[in-house]
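# Inside the fold
Here is how the chains run, residue by residue.
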Amino acid sequence: MLTSICGQSVFSFERQSVKSYEIEHQVYELCTRAQSLMSASNYSMAITTLQQAAKFDPTSYSDYVHEKLSECYSETDQTDKAIKEGELALKYDPSSGEAHYYLAQLYYRTDHYDTATFYLNKLLQITKDKQWAARAKDLMRDIETYGKARGATDQIKAGHFSQARKLLEDAAKYDPSAVSKNVHQNLAYVFREMKKPELAVAEGKKALQYDGSDSSTMYSIALCLQDIGEYDEAIQWLRRSLQYERDPSRRKNASDMISELESDKPKLNSAANKAPDYLDSMVGSARELHRWPQSKLPIKVFINSGAGVKGFKSEYPSFIKHALDTWCTASGRKLSFKIVSDEKSADLNVVWLDDPIVMDEDGKKRIKQGLATTQRSVEDTIDSVKVQVDTMNALRTTQVLESGETAFVCLHEIGHSLGLNHSTSMSDVMFFGSSSKQTGELTSRDKATIARLYQSYPVSALAPLEQKPPAIKFEPPPTFMPPLPGNEKDITPPMFLPPPVGEEEKLIPPFFQPPPVDTSAAGATDSKPKGGNDIPPPVFVPPPVAPSARGRTSADKNAVSTGAAQKGATNTRVPEPKTAGTKKQGAENSTKKSKPEADASPFFVPPPLR
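Residues numbered from 1 in each chain as written. Predicted model: local features only at pLDDT ≥ 70, side-chain atom pairs only at ≥ 80, totals over all residues. Heavy atoms only, no water.

### Some words on the overall build of the chain
Within the chain one finds 20 helices and 7 strands. Taking the contacts inside the chain whose residues are at least 6 apart along the sequence as the reference set, 69% of them involve residues at least 24 apart. When the accessible surface of the chain is summed, it comes to about 33,400 Å², and 52% of that surface belongs to carbon and sulfur atoms. (Helix = DSSP H or I, 4+ residues; strand = E, 2+ residues; numbered from the N terminus. Contact = heavy atoms within 4.5 Å. Areas by Shrake-Rupley, 256 points an atom, 1.4 Å probe, with all protein chains shown as cover.)

Quick look at the structure:
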């Protein structure tokens with residue numbers, strides 16, 4: 001017999017008889033048989049047996065029947081049926097701790113974490129056992145953190161980073177927990193995606209408190225530090241990650257990033273970053289200063305259709321038009337453009353690709369998301385430009401580039417096509433790298449540089465755009481392999497342990513209630529219990545033939561009579577009547593003198609009592 005969490009038995013000795021004894025006993029036998037089948041792991045036969053018992057509901061065993069049916073269905077992976085039987089068990093015994101516990105477990109298995117927590121809360125309300133209370137509280141905490149961590153991974157996959165952040169921050173309130181490492185790993189990933197690198201670094205360091213050898217988190221921290229211009233510290237974290245990383249491709253990513261950061265570090269700290277524009281740094285670069293000649297204005301632009309290119313979206317041509325309009329306006333309306341339908345007549349040709357773009361830069365091969373290739377004339381002016389934009393993520397070639405990232409690439413590459421080189425300031429659109437400080441809006445330095453480059457040109461009649469592009473949320477594309485979100489395998493599901501019950505006892509058989517006492521004449525004597533004050537009246541038995549009274553005393557006569565009465569009582573199984581009158585008579589005879597008596601008169605025997 002299972003004992004409940006309240007310290008009381010599930011089945012009481014003083015059960016109210018719901019059905020007849022025959023039915024109760026039949027259900028008892030079925031439950032006992034099912035118990036043996038379950039002990040032998042024969043759950044299918046146990047289910048059949050318990051279903052037979054359930055046909056007699058309600059009985060004293062109904063709660064046990066449905067609780068065991070729930071357990072059998074659970075063991076055979078029939079979770080929906082197990083839940084239904086668990087609910088029925090609670091209907092017959094709302095105070096069953098086991099039923100609440102197992103229902104919480106079943107709902108947890110089906111990812112109904114709130115319902116599982118509900119039943120654990122109910123368990124806490126009815127239990128007085130500290131061990132049960134502690135276990136329920138631990139499970140509630142683990143279920144909540146696990147559920148939120150699982151939900152956050154789904155939100156991350158869907159790109160819903162704000163929702164993922166809320167779930168993860170709620171889960172972090174239960175630190176330390178079995179999922180703390182994953183929670184802070186994913187928070188670091190989410191904050192980086194939300195362009196909050198400082199917060200991402202803090203969360204990454206918290207994740208390392210739970211696993212100091214997690215190379216992926218170290219790499220993520222380095223990316224965030226690079227994002228805010230802390231190149232030296234980023235390089236340190238990358239080198240630290242190489243001490244633990246065993247995957248060859250990830251080791252290569254970290255090594256390549258170290259090499260590029262060391263090469264770019266001098267540019268980042270350039271004194272030119274304090275200047276109002278970056279035109280002077282362009283003159284001193286390897287690429288000489290060049291611009292479109294006035295004779296080419298308005299620039300004739302052909303935008304390829306993108307037919308057959310993976311990842312291409314219909315709004316992408318509008319990103320090119322928006323970029324052209326933005327830069328021409330920033331030039332002080334000195335530049336103008338015109339969209340043409342003939343590729344051969346175009347000065348600026350825009351092409352969409354779904355293959356990575358690789359080019360040599362500073363003696364190193366680098367993967368680019370976009371590229372502007374300029375053809376110059378003899379006078380060192382721009383003759384034509386070909387702009388290539390990769391619609392797939394150049395670092396993850398199977399992943400489509402986000403629309404906001406494509407829009408940013410278009411804005412950056414159109415800047416190159418108009419004669420601008422790279423900037424060394426992280427906020428500028430023309431920055432040589434990628435940074436969360438870039439918003440997709442031209443900075444004052446961007447505007448000042450393009451205006452200064454064409455300051456000698458007259459103002460042109462810039463035609464308005466035929467169609468306004470959709471609202472764009474610019475996202476700088478990754479320049480290094482982006483970090484991976486926290487591994488879902490690190491999300492450890494909570495483990496439901498068997499309930500802390502004592503040794504299982506046998507079911508209590510039904511209590512047999514004897515039939516009422518038969519008050520009929522035939523059964524009055526046999527059915528009436530003996531003892532107490534219910535002493536039957538004396539039975540009068542004729543005495544034996546008395547000898548001659550001659551020479552006998554009253555005392556002798558009494559002795560003979562008494563013996564006869566005792567003998568008669570023994571033969572009829574009736575206890576000797578001990579009445580006050582008998583005692584009194586004996587006492588009186590003992591005080592009288594003996595005297596001869598006459599012969600005994602005939603003894604009258606009354607009829608038997610009815």
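### Here we look at the sheet that holds strand 3 (residues 348–353)
If you trace the 5 strands from one edge of the open sheet to the other, you get 2-1-3-7-6, paired in mixed fashion. Across the chains shown, the open sheet's two edge strands, defined by having one partner strand only, are strand 2 (337–339) and strand 6 (370–376). Taking the axes of each pair of neighbouring strands and ignoring which way they run, one obtains an average angle of 20° across the sheet. Judged from the 3 bridges that link them, strand 1 (residues 299–303) and strand 2 form a sheet pairing that is parallel. Each residue of the ladder has a partner; that of Val301, found in strand 2, is Ile339. (Pairing = 2+ DSSP bridges. Axes fitted to C-alpha atoms, helices over the stretch in contact; angles between N-to-C directions.)

### A few points about the pattern of salt bridges
Evaluated as defined, the whole model comprises 19 salt bridges. In this structure, Glu71 and Lys68 form a salt bridge, with 3.3 Å as the shortest nitrogen-oxygen distance. Note that Glu71 and Lys68 are positioned in helix 3 (residues 62–75) at a spacing of 3 residues, about one turn of the helix. The class of Glu71 is partly exposed, set by a relative accessible area of 25%. Arg452 is the salt-bridge partner of Asp277, the closest N and O atoms lying 3.1 Å from each other. Note that Asp277 is positioned in the loop between helix 13 (248–268) and helix 14 (279–283) and Arg452 in helix 17 (residues 444–453), a separation of 175 residues in sequence. Given a relative accessible area of 29%, Arg452 falls into the partly exposed group. A network of salt bridges, in which partner residues are shared, links Lys148, Lys166, Asp170 and Lys173. (Salt bridge = Lys/Arg side-chain N within 4 Å of Asp/Glu carboxyl O. Buried < 20%, exposed > 50% of the residue type's maximum accessible area, 1.4 Å probe, protein only.)

### Section: helix 8 (residues 161–172)
For helix 8, which comprises 12 residues, the first-to-last C-alpha distance of 16 Å matches the rise-based estimate of 16 Å (1.5 Å per residue) to within 8%. Along helix 8, the positions that sit buried rather than exposed are Phe161, Ala164, Leu168, Asp170, Ala171 and Ala172. On its buried side, helix 8 packs onto helix 7 (130–157) and helix 9 (180–193). (Expected span 1.5 Å × (residues − 1).)

### Notes on the nonpolar core
Counting residues in each nonpolar core, the largest one holds 84 residues, and the members touching the most others are Val65, Val183, Leu238 and Leu261. Among the elements that make up this core, the one with the highest residue count is helix 7 (9 residues). If sequence neighbours within four positions are ignored, Leu238 has contacts with Tyr219, Ala222, Ala254, Met257, Ile258 and Leu261. Counting residues in each nonpolar core, the second largest holds 44 residues, with Ile320, Cys410, Ile414 and Tyr457 among its members. (Core = buried A, V, L, I, M, F, W, Y, C linked by side-chain atoms within 4.5 Å.)

### Digging into the packing of aromatic side chains
Counted by the stated rule, this structure contains 14 aromatic pairs. Ring centres of Tyr101 and Trp132 lie 5.0 Å apart, and the angle between their planes is 85°; this geometry places the pair in the edge-to-face category. Taken as a pair, Tyr101 in helix 5 (residues 97–109) and Trp132 in helix 7 lie far apart in primary sequence, 31 residues in all. On the accessibility criterion, Tyr101 (1% relative accessible area) is buried. Exposure remark for Trp132: the relative accessible area of 2% places this residue in the buried category. Centroid distance Phe431 to Phe432: 4.4 Å. Interplanar angle 45°. Geometry classified as tilted. (Phe/Tyr/Trp six-rings, centres within 6.5 Å; stacked < 30°, edge-to-face > 60°.)

### Some remarks on the side chain of Ser331
As for its position among the elements, Ser331 is in the loop between helix 15 (316–330) and strand 2. Once residues within four sequence positions are removed from consideration, Ser331 is found in contact with Ile450 and Ala451.

### Focus: the environment of Thr479
Following the sequence through the fold, Thr479 ends up in the loop between helix 17 and helix 18 (524–527). Counting along the chain gives 110 residues from Thr479 to Gln369, while the straight-line C-alpha distance between them is 8.3 Å. Setting aside its immediate chain neighbours within four residues, Thr479 contacts Gln226, Leu395, Gly433 and Ser434.

### With respect to unusual backbone geometry
A negative phi angle characterises most non-glycine residues, just as the trans form characterises most peptide bonds. Of note, the amide linkage connecting Asp57 to Pro58 takes the cis form, showing an omega dihedral of -5°. With respect to the secondary-structure elements, Pro58 resides in the loop between helix 2 (43–54) and helix 3. Of note, the bond from Asp175 into Pro176 is cis; its omega dihedral lies within 30 degrees of zero at -10°. Looking at the element boundaries, Pro176 is found in the loop between helix 8 and helix 9. A positive phi is found at Lys195, a non-glycine position, where the angle reads about 65°.

### Side note on helix 9
Over its 14 residues, helix 9 extends 20 Å from the first C-alpha to the last, a length consistent with the 20 Å expected when each residue adds 1.5 Å. Counting buried positions along helix 9 gives 13 out of 14 residues, so the element sits mostly inside the fold. Positive backbone phi, approximately 65°, marks Lys195, located one or two places after helix 9.

### Here's the deal with the pairing of strand 1
Among the 5 residues in strand 1, 4 count as buried, and that is most of the element. Here 3 bridges tie strand 1 to strand 3, and the two strands are oriented parallel to one another. In the strand pairing of strand 3, Val301 is matched with Leu348.

### Points about the side chain of Asp277
For Asp277, a relative accessible area of 12% corresponds to the buried category. At 3.0 Å, the side chain of Asp277 forms a polar contact with the backbone nitrogen of Leu279. Side chain to side chain, Asp277 and Arg452 meet in a polar contact 3.1 Å long. In this structure Asp277 touches Ala272, Arg445, Ala448, Thr449 and Arg452, once residues within four positions along its chain are discounted. (Polar contact = N/O pair within 3.5 Å; in protein donor to acceptor, adjacent residues only side chain to side chain.)

### Here we look at the environment of Glu413
The topology assignment puts Glu413 in helix 16 (residues 403–417). For Glu413 and Gly370, which are 43 residues apart along the polypeptide, the C-alpha to C-alpha distance reads 6.5 Å. Excluding residues that lie within four positions of it along the chain, Glu413 makes contacts with Gly370, Leu371, Ala372 and Val387.

### Notes on the packing of helix 7 against helix 8
The interhelical angle for the contact between helix 7 and helix 8, taken along N-to-C directions, is 160°, at an axis separation of 8 Å. Comparing the axis directions of helix 7 and helix 8 gives the class roughly antiparallel. Here the hand of the crossing between helix 7 and helix 8 comes out left-handed. On the side of helix 7, the interface is formed by Thr145, Lys148, Gly151, Ala152, Gln155 and Ile156, while helix 8 contributes Phe161, Gln163, Ala164, Leu167, Leu168, Asp170 and Ala171. When its residues are assigned to classes, the contact of helix 7 with helix 8 shows 7 nonpolar, 4 polar and 2 charged. (Parallel < 35°, antiparallel > 145°, perpendicular 65-115°, else oblique. Left-handed = near helix turned anticlockwise from the far one by under 90°. Nonpolar A, V, L, I, M, F, W, Y, C, P; charged D, E, K, R; others polar.)

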